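Residue-level structural notes
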Amino acid sequence: MSERINERYIAEFFGIENSEEGAAELAEITARLTRMVFKNNVDICTVDGDPDGMFFIESGSALVLDRDGKQLNVLHVGQYFGEYAVLSGQKRLSTVRSLGRTVVYKMESADLQGFLSRHPEIYGEFMKRVYAQVSRKHSQILALTNTRRGILTHPSNELPLSARQLLIQYGTLFLIYVAAVLWAPAETSAPVFLFPLAVMLLHVLITKRTLESLVVSGILAAILVYRTGIFTGYADSLIDTIGQRDNVFTILVMALMGGMINLIVYSGGVTAFEKTAARFSRTPRGIFLTSLGIMAVTSIDDNLNMLTGSYASYKPAKDKGVVREKLALFYTLLPTVLSSFFPLSLWAIFVTGILSSTLRINATPLFVASIPFNFFSLITLAAMILLALGRLPMNRQLREAEERFEKTGALWPRGSEKYLSSHDTEVWGKKTNVLLPILVMAVASLAIRSVLTKSFVTDSAVGLLVALAFMFLLYCFRGVMTPEQFMEHLVAGIAESALPIILYLLTINFSTLLDMLGLHVYLAGMIDIFRQAAFLLPAAAFLLSMLLTIVLGSSWSMYAIMFPIVLGIAGHLGIPAALMTGAIAGAGIAGEKNCAFTAEALNVGTAVGIDPNAVRKIRIFYSAVLTAITTAAYLIAGVVV
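A count of helical and extended segments in the protein chain gives 29 helices and 6 strands. Counted over contacts in the protein chain with a minimum sequence separation of 6, partners at least 24 positions apart contribute 80%. Surface accessibility of the protein chain: about 28100 Å² in total, with carbon and sulfur atoms responsible for 63%.

Listed below in structure tokens is the structure:
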């Protein structure tokens, strides 16, 4: 028998007693188990397949995929699957695919059903264990699949609206549209841009739905600009927005970046640094500092660096007694902060794209110059280094967590059970599969266009295309994936970038329409008012942008509104654009950290293994303190500048 799926495992699994009769039953079961070996990326069982047996994982890992091929879960050594279909007689609900070389033992359906029918006393207890396991898997899958990257969610949207609520909300909007078509004057010096802006803010406050609020307010702005009806003007404005070269470039880069990130994940990127972390994480300080390094080199994407860092630290933190609340604080504050220092990250590309489109300039130099003025990111990084060194003052929740561990040995609070997962890695990703593509992308982005034009030019689109070609050769020749699988993961990653692309287009479109309604002209006429308190502008812009992010439920929407307004005022007052860009960029990150209903807490909860509600309380306390310190820093900067 094998090392893992042995007689002891089978006896415990089925509840077989230690007797002569039990020994006979055990011998019969083990004799009927069939050892099967699957190469990397081979389907062990498929969705809608016949329930021909259940499987026990002896070595390796396996991915659980839904009908569309989306990953739902990862199964490790000692876990089993396929039992529900056998017992219920239904078609299989998911596909299970090998991750690396995977060895399983299969028990045929007839053998399992026959054993249970002969032992009704075992059947009841067995069904209880299976149901508990299925429920736990289901809870984890729900937690993982309900995460939504890049957009904030609110609990009020979990239930569908009633017919009365729908009628009130959209009936009111329709009346506003009709009134705008019939009565809003076409030629006026009044600040009509305030009308769609107010509708957007009110709609977000009432519904907590960012995307929808951008659409309804954008339609109203288009009505006021084009005067051609409710939908034709909005369609024209979207077409104009999509057709602009800067926007086409940003959309292309975001799509390619999504594909590259997905390929890195499926190459084993999440587990690539686990051995490195184990080697250097001999103390709690080493765990945090090693994780910081791992997150820094993978900051191409804030979700990727959070996953790689948290996965690598999972076992060392458990061995060294680091409470999950500290890990959650570390991984909920740092990811976007680190990405904000890397001009080629997905977050930076989005911000640079908005700057380029709204200011009509190549904004990459401006973004790079603004990094030292992103005080919130710099202060947060310093705070997390203090946490790693054990020097950060602990709030009440962290003190209680440490006391809980000292008294009970529990690393996580109550309510975290369904977020805990096994981290028994059998397939190790290679660090070079992660680091080499990022290095190639960075070098190609900086060098290729610069060589051709004989002047320094950053072109992330060229860099991404070169990196993807390099990844194709690297992954396929190493046997990480086939050419077909490479294209599947590339397309899937591009599809997953649809949300940020849509948000980008809607925010740019809305900002452009506000400008066409005279926003900049109106603000230029008020410069004298701002001039009297120019030193307050950096701090005021940071605070207002942060609060607007919380209200809108999205930093991306805020960027499109605030960048043109604030930078326009700063230009007239002679305040450095880099300072104001850093203030607004950091405010978007601060707003999401201070927001109570961000999806980020759920992401970290499932990655670290902790109740997301506990994460929110700790994160908001520290982010509020960091926000106050940052505001003071901008007050000082305003006086000095």
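Another aspect to go through is the pattern of salt bridges. Under the defined criterion, the tally for this structure stands at 11 salt bridges. Here Arg32 makes a salt bridge to Asp111, at a shortest N to O gap of 3.1 Å. With a gap of 79 residues between them, Arg32 in helix α2 (residues 20-32) and Asp111 in helix α4 (residues 109-118) connect regions that are remote in the sequence. Between Asp459 and Arg449 there is a salt bridge, with the nearest N and O atoms lying 2.7 Å from each other. Here Asp459, found in the loop between α19 (431-453) and α20 (460-477), pairs with Arg449, found in helix α19; they are 10 residues apart in sequence, far enough to count as distant. Overall, the relative accessible area of 33% leaves Arg449 in the partly exposed class. Connected through salt bridges with shared partners, the residues Asp52, Arg92, Lys106 and Glu108 form a single ionic network.

Now for a positive patch on the surface. Together, Lys275, Arg279, Arg282, Lys320 and Lys431 make up a positively charged patch on the protein surface. With respect to the helices, strands and loops of the structure, Arg279 is situated in helix α11 (residues 274-280). Look at Arg279 and you get partly exposed, because its relative accessible area is 45%.

In a packed pair of helices, the relevant descriptors are the angle between the two axes and the axis-to-axis distance. Viewed as axis vectors pointing N to C, helix α10 (residues 245-269) and α19 meet at an angle of 155 degrees, and their least axial separation amounts to 9 Å. The angle between α10 and α19 falls in the class roughly antiparallel. Residues Met257, Met260, Ile264, Ser267 and Gly269 of α10 lie in contact with α19, whose contacting residues are Asn433, Val434, Pro437, Ile438 and Met441. Of the residues that constitute the contact of α10 with α19, the class distribution is 7 nonpolar, 3 polar and no charged.

In this section: the side chain of Asn305. When you line up the elements, Asn305 lands in helix α13 (residues 302-320). Taking relative accessible area as the criterion, Asn305 reaches 0% and is therefore assigned buried. In contact with Asn305, not counting residues within four places along its chain, are Met295, Thr298, Ser299, Pro335, Leu338 and Ser339.

The geometry of helix α14 (residues 324-339) relative to helix α29 (residues 612-640) is characterised by a closest axis approach of 9 Å and an angle of 55 degrees between their N-to-C directions. Of the possible angle classes, the one that applies to α14 and α29 is oblique. In terms of crossing hand, the pair formed by α14 and α29 is right-handed. Of the residues in α29, those touching α14 at Glu325, Ala328, Leu329, Thr332 and Leu333 are Val615, Ile618, Arg619, Tyr622, Ser623 and Leu626. Classifying every residue of the contact of α14 with α29 gives 7 nonpolar, 2 polar and 2 charged.

The next thing to look at is the pairing of strand β6 (residues 95-108). Where burial is concerned, most of β6 is hidden: 10 out of the 14 residues are buried. Looking at chain direction, strand β1 (residues 34-38) and β6 are connected through 5 bridges and run antiparallel. When the bridges of β6 are listed, Arg35 appears paired with Tyr105. Taken together, the 2 bridges between strand β2 (residues 43-45) and β6 define a ladder with antiparallel strand orientation. Looking at β6, one finds that Cys45 is bridged to Val96. Two strands pair when backbone bridges link them, and strand β3 (residues 53-65) and β6 are joined in this way by 11 bridges, in the antiparallel orientation. When the sheet's bridge partners are listed, Ala62 is paired in β6 with Ser98.

Let us look at the packing of aromatic side chains. Counted according to the given criterion, the structure contains 14 aromatic pairs. Ring geometry for Tyr559 versus Phe563: centroids 5.4 Å apart, planes at 20 degrees, classification stacked. Of this pair, Tyr559 and Phe563 both sit in helix α26 (residues 555-573), 4 residues apart, which is roughly one turn of that helix. Residue classification places Tyr559 among the buried positions, given a relative accessible area of 0%. By the ring-pair criterion, three or more aromatic residues cluster together here, those being Trp347, Phe367, Tyr559 and Phe563. If you follow Arg324 out to its NZ or CZ, it ends over the ring of Tyr314, 4.7 Å from the centre.

With that settled, consider the nonpolar core. Core analysis: the biggest nonpolar cluster contains 143 residues, and Met260 and Tyr559 have the highest contact counts within it. With 12 residues, α26 is the single largest residue contributor to this core. Residues contacting Tyr559, with those up to four places away along its chain left out, are Trp347, Phe350, Val351, Ile354, Pro564, Ile584, Ala585, Gly588 and Ile589. Among the nonpolar cores identified, the runner-up in size contains 19 residues, and Met54, Phe56, Tyr80 and Val86 belong to it.

Here the focus is unusual backbone geometry. Despite not being glycine, Asn41 has its phi angle at roughly 65 degrees, a positive value. Relative to the assigned elements, Asn41 resides in the loop between β1 and β2. What makes Asn41 buried here is its relative accessible area of 18%. The phi torsion at Lys454 lies on the positive side, around 60 degrees, for a residue other than glycine. In this fold, Lys454 is placed in the loop between α19 and α20.

A separate point is helix α12 (residues 284-297). Taking 1.5 Å of rise per residue, the 14 residues of α12 would be expected to cover 20 Å, and the 21 Å separating its terminal C-alpha atoms lies within 8% of that figure. Along α12, the residues classified as buried are Gly286, Ile287, Phe288, Thr290, Ser291, Leu292, Ile294 and Met295.

The next subject is the environment of Thr228. For Thr228, the location among the structural elements is in the loop between α8 (210-226) and α9 (232-243). Placed 47 residues apart in sequence, Thr228 and Val181 show a C-alpha to C-alpha distance of 8.2 Å.

In this model, the protein chain carries an average pLDDT of 84, and 89% of its residues clear a pLDDT of 70 or more. No element of the protein chain has a lower mean pLDDT than helix α5 (residues 120-145), at 53, and none a higher one than helix α17 (residues 375-388), at 97. This model gives residues 135-150 a pLDDT under 50, and the stretch forms 33 contacts once residues within four places in sequence are excluded.

Rules behind the numbers
- Residues numbered from 1 in each chain as written.
- Predicted model: local features only at pLDDT ≥ 70, side-chain atom pairs only at ≥ 80, totals over all residues.
- Heavy atoms only, no water.
- Helix = DSSP H or I, 4+ residues; strand = E, 2+ residues; numbered from the N terminus.
- Contact = heavy atoms within 4.5 Å.
- Areas by Shrake-Rupley, 256 points an atom, 1.4 Å probe, with all protein chains shown as cover.
- Salt bridge = Lys/Arg side-chain N within 4 Å of Asp/Glu carboxyl O.
- Buried < 20%, exposed > 50% of the residue type's maximum accessible area, 1.4 Å probe, protein only.
- Patch = residues over 30% accessible without salt bridge, like charges linked within 9 Å, V, L, I, M, F, W, Y side chains within 5 Å.
- Lys, Arg positive; Asp, Glu negative; His and termini not counted.
- Charge placed at Lys NZ, Arg CZ, Asp CG, Glu CD.
- Axes fitted to C-alpha atoms, helices over the stretch in contact; angles between N-to-C directions.
- Parallel < 35°, antiparallel > 145°, perpendicular 65-115°, else oblique.
- Nonpolar A, V, L, I, M, F, W, Y, C, P; charged D, E, K, R; others polar.
- Left-handed = near helix turned anticlockwise from the far one by under 90°.
- Pairing = 2+ DSSP bridges.
- Phe/Tyr/Trp six-rings, centres within 6.5 Å; stacked < 30°, edge-to-face > 60°.
- Lys NZ or Arg CZ within 6 Å of the ring centre and 35° of its normal.
- Core = buried A, V, L, I, M, F, W, Y, C linked by side-chain atoms within 4.5 Å.
- Expected span 1.5 Å × (residues − 1).
- pLDDT = per-residue confidence, 0-100.

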